[in-house]
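# Survey of secondary and tertiary structure
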Amino acid sequence: MLLGVLLNVLDGVSYGMIMFPANAVFPAFGGVGVSMFFVTTIIAQLAYSCGASGFAGANGSMMIEVVPFFHILAADVARELGEERAAEVVATTLAAFALSAVLTGLAFFALGGLRLGAVVGFFPRHILVGCIGGVGVFLIETGLTVCARIDDDDFTYTLDTLKFFLDAGILARWLPALALAVLLRAITHRFHHQLIFPAYFLTIPVLFYAVVGAARLDVSALRRAGWLFDMGGTDEAWYTFYSYYSFKKTSFRALWVTMPTQFALLFFNILHPPLNVPALAVSLDEDVDTNKELVAHGYSNLLAGLFGVVPNYLVYVNTLLFYRVGGTTRVSGFLLALATFGLLVAGTAPIGYIPIMLVGSLIFVLGIDLVKEALWDTRHRVSRSEYLTIASIMVCMTLWDFVVGVLFGIVVCCFFFVVQNSRRRSIRALFTGECAMSAVRRPSAHRDYIREVARQTVVLRLQGFLFFGTITQVEAAVRRLLEPAAWAARPVRFVVLDLALVAGTDLSAAEAFVRIQRLLAARGVTMVLCGLAEDAPVGAALRNVGLLEVEGVELFEGFGDAMEWTENAYLRAWFMSQKSEADMMRKAIALPGRPENPAFDMGEPFHNSPRRNEIYAAAGRTLGVAELDLPTQADTPVGADADTDADVDGAFLALSRAFSSYAPLERAAWRPLLARLARVAAPAGTVLWEQGAAPDGLYVLAAGVLRARYGLRAGRDAVAEVMVGGTLAGELSALAGEPRNARVVVERDALMWRLGMQDLEALEREAPELARTFVHLVLKVAKTDYDILLAALAARQ
């Protein structure tokens, strides 16, 4: 308890004495400030000790860091009313002080009641650090003015002020106080006992009066010379400050003028407890609710405002020291409040015997600590832009105004935020479609064709929040793709924009997508958007600017769906262009995904068209004319009967289509296998097998579409694979004799050829060489299929 009382005395004398500016309007108001300090401290102490705070030994005190704002409030009122109306200025200033406590209490009630304590911690820390540094500079200035016994308004950053403070008589007043503050910090840097601080400042007045007694100096002369406080020869009661309140003399117009400063003070007030409370809980190893502590601050500040005094808060350092010397119960908190009230009743007369250098050194200590915390402690912990923000806030607060400094800090912080985030890569990856094919099993010839022509598909995987500072990277990348030199080397048919990792967009970014679409449309390039739903925030932003309704823009929810659509577009365009030679093939192409017309037309002249030339050349190398002879759904409709020769022909052509990239097949050599293939026709919606079922054989898909769903992950993240005509299905589980690893459903009417498990075993006995060749080819096809599936899965990351 004694330690808590001593800390309250030191803080009350130091910061209560400077609560009011030293000028003609507030003559000898140091005692009034000390009384108001003790009243708000007692109110906070009682509120916390009565159970409002989760810390049983919580120490409350006036919020000393906002003293500069009190001076600004007083200056605003004096400027509005005029210093000649001193009584009105004093009454209105006291009302402004009380109003600040009421606003602070209401704000804490709102934050705690809405459980927003953690949200306050998201405010940029370096802005708060800059404000703390600005308060530190103010306290150093105040220490100089207190020691030199001059008005605050007389302190300016001019050469005359420097000469004044370097005068021998003035230098002798402030230099010892500054030296004592520096000496204390040197001692505490080496030794860390919690009693050093109070013991040090108790020693100063003892040594001071020892020197006075030894030199037989007159106390009154020392007071006139500025070494002791001059209380005007009065012994005012602690409640004297209430006599200055006057409803008639309070100017509500002037109170309204102070509102910008009130909100700046409020902003500074509400940032401390959400930061101090968690830190104190860690230091004391106690589990407390931050929101409950904010409500406790609401009670203490609202009561302080109603009692006409200034804001208060739970003091981290005082509480920590109080706990360490045994003040861990609510009883000790009540005793501290009672002892502080005893000091309040004793009056302000003893203040006249306190050495000014003691108060000055206390102010210097806190000022130096705050400046050190802002400039020195952060030098290796923050970025260069954050450090510049901290320093600029301190400069603005010092040379202009605290409110200006806070606003300037917010503006600078926003500017650097934009600059820094603009440097972040909004394009996570840029690659062509050949590097990220869809998870669709296709005939090997189709796959080879797609792998070559997919170089005309460019994928831009975007990330982060897209705004006016980052969307420029995307627009610049698209413009580079369309430059004549780049276009000649690699023409583009589709630009796929993957927005799965995009957190959001602003209006500027959404409109930039419209500009990008116009650039692409001018060159006949289709914009494909994926990774978003139309009703999602990003989709809604793009819909609001009309992008999703524009012709030449395609939208898909998943990246795999988008790539599947582009691959189908290449296949459709090629086969539709061959209608004069292969009208039957045009009818037979069964592709997954949504049915629609080709995305582009291959029937136009090829002259001066590098995109069509490239597609035509790739088709000639990979598809050729062999595709024209493959079995079709028109030839063998689902459910139709067919004779044995037709079955053998269809089975052989289906196998040839599946193995065309690996080895040519001879019908005679493969007849034993063909004889064991059973024709299976399945309408859409048929479940071929469930995951975990025993294998009944492997299937060669001649026509139609199958969809496999792997139960690796549930919900929308489950892995899906599509199989089209000319591919194999269920091959690995059949060869291994293991349960099925996926659920397979017929998506479009399918014609298949099944090699049953018993037929496979019989083939191995009767034609082992053919069986070995067949298994090798199946494994080659399976390896390619699963390589593409793994690549598609990797592309989703």
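Source: prediction; values computed, not measured.

## Topic: the overall build of the protein chain
A count of helices and strands for the protein chain gives 31 helices and 14 strands. Considering the protein chain as a whole, with its 797 residues, one finds that 53% of them fall into the buried category. Relative to all contacts within the protein chain whose residues are 6 or more apart in sequence, the contacts with residues 24 or more apart total 81%. For the protein chain, the exposed area adds up to about 34800 Å²; of that, 60% sits on carbon and sulfur atoms.

## A look at the environment of V502
Relative to the helices and strands, V502 resides in strand β6 (residues 494-505). The residues touching V502, leaving out its near neighbours within four places in the chain, are L462, Q463, G464, L466 and V538.

## A word on the pairing of strand β11 (residues 697-710)
Judged by how many residues are buried, β11 sits mostly within the fold: twelve of 14 residues are covered. Of the pairings in the sheet, the one linking β11 to strand β14 (residues 743-756) comprises eleven bridges and is antiparallel in character. The residue bridging G697 from the neighbouring strand is G756, located in β14. One ladder, built from three bridges, connects β11 with strand β13 (residues 727-729); its direction is antiparallel. Counted as the bridge partner of L701 is T727 from β13. Summarising the sheet, β11 and strand β12 (residues 719-724) pair through six bridges and their orientation is antiparallel. In the sheet register, R709 faces β12, and the bridge partner there is A720.

## With respect to the packing of aromatic side chains
Here the structure, examined in full by the defined rule, presents 26 aromatic pairs. An angle of 85 degrees between the planes, with centres 5.4 Å apart, marks the rings of F164 and F165 as edge-to-face. By relative accessible area, F165 is classed as buried at 7%. Centre to centre, the rings of W238 and F341 are 6.4 Å apart; their planes meet at 70 degrees, and the pair counts as edge-to-face. Taken as a pair, W238 in the loop between α10 (219-224) and α11 (252-257) and F341 in helix α15 (residues 330-346) lie far apart in primary sequence, 103 residues in all. Across from the ring centre of W376, 3.7 Å away, lies the NZ or CZ of R379, which sits over that ring.

## Overview of the state of the cysteines
Per the counting criterion, the structure on display carries zero disulfides. Free cysteine C414: the closest other cysteine sulfur is in C413, separated by 5.7 Å.

## As for a nonpolar patch on the surface
On the surface, a cluster of nonpolar side chains totalling about 620 Å² of accessible area is made up of Y157, V395, L399, W400, V404 and F408. Of all the secondary structure elements, the ones that give two or more residues to the nonpolar patch are α17 (384-399) and α18 (402-423). Relative to the elements of secondary structure, W400 occurs in the loop between α17 and α18. Take W400: its relative accessible area is 61%, and that puts it in the exposed class.

## A closer look at the sheet that holds strand β3 (residues 427-432)
Spatially, the five strands line up as an open sheet ordered β3-β5-β6-β7-β8, and their pairing is mixed. Because the sheet does not close on itself, it has two edges, and the strands there are β3 and β8 (553-555). The sheet shows a mean angle of 20 degrees between the axes of neighbouring strands, direction not considered. The pairing of β3 with strand β5 (residues 457-466) spans five bridges and is classified as antiparallel. Of the residues in β5, the one forming a bridge with A429 is R461. Sheet strands in contact with helix α20 (residues 471-482) are β3 and β5, and its direction is about 170 degrees off that of β5. Here helix α23 (residues 537-544) sits on the sheet and contacts β6 and β7 (526-530); the angle it forms with β6, its principal contact strand, is near 115 degrees.

## Section: unusual backbone geometry
Peptide bonds are, in most cases, trans, and in most cases residues other than glycine have a negative phi. Here R115, not a glycine, exhibits a phi torsion of approximately 55 degrees, which is positive. The topology assignment puts R115 in the loop between α4 (86-113) and α5 (117-120). Backbone geometry at R216 places phi at a positive 50 degrees, although glycine is not the residue there. Since its relative accessible area comes to 78%, R216 is described here as exposed.

## Concerning the packing of helix α8 (residues 168-190) against helix α16 (residues 356-376)
Contact pair α8 / α16: the axes reach a minimum separation of 8 Å and the direction vectors enclose 50 degrees. One element, α8, and the other, α16, form an angle in the oblique class. In terms of crossing hand, the pair formed by α8 and α16 is right-handed. Of α16, the residues touching α8 (which contributes W174, P176, A177, L178, L180, A181, V182, L184 and R185) are M357, G360, S361, F364, V365, I368 and D369. Tallied by class, the residues present in the contact of α8 with α16 amount to twelve nonpolar, two polar and two charged.

## A closer look at the environment of G31
When you line up the elements, G31 lands in helix α2 (residues 30-52). A residue is classified by how much of its surface remains accessible, and G31, at 2% relative accessible area, is buried. Between the C-alpha atom of G31 and that of G16, which follows or precedes it by 15 residues, the distance is 7.5 Å.

## Notes on the pattern of salt bridges
A side chain of one charge can pair with a side chain of the opposite charge when the charged atoms of the two come close. Taken as a whole and judged by the stated rule, the model has 24 salt bridges. Between R253 and E80 there is a salt bridge, and its shortest N-O distance comes to 2.8 Å. In this pair, R253 sits in helix α11 while E80 sits in helix α3 (residues 67-81), placing the two residues 173 residues apart along the sequence. What makes E80 partly exposed here is its relative accessible area of 30%. Several salt bridges converge on common partners, so that one network encompasses R441, R447, E721, E731 and D785.

Calculation rules
- Residues numbered from 1 in each chain as written.
- Predicted model: local features only at pLDDT ≥ 70, side-chain atom pairs only at ≥ 80, totals over all residues.
- Heavy atoms only, no water.
- Helix = DSSP H or I, 4+ residues; strand = E, 2+ residues; numbered from the N terminus.
- Buried < 20%, exposed > 50% of the residue type's maximum accessible area, 1.4 Å probe, protein only.
- Contact = heavy atoms within 4.5 Å.
- Areas by Shrake-Rupley, 256 points an atom, 1.4 Å probe, with all protein chains shown as cover.
- Pairing = 2+ DSSP bridges.
- Phe/Tyr/Trp six-rings, centres within 6.5 Å; stacked < 30°, edge-to-face > 60°.
- Lys NZ or Arg CZ within 6 Å of the ring centre and 35° of its normal.
- Disulfide = S-S within 2.5 Å.
- Patch = residues over 30% accessible without salt bridge, like charges linked within 9 Å, V, L, I, M, F, W, Y side chains within 5 Å.
- Salt bridge = Lys/Arg side-chain N within 4 Å of Asp/Glu carboxyl O.
- Axes fitted to C-alpha atoms, helices over the stretch in contact; angles between N-to-C directions.
- Parallel < 35°, antiparallel > 145°, perpendicular 65-115°, else oblique.
- Left-handed = near helix turned anticlockwise from the far one by under 90°.
- Nonpolar A, V, L, I, M, F, W, Y, C, P; charged D, E, K, R; others polar.

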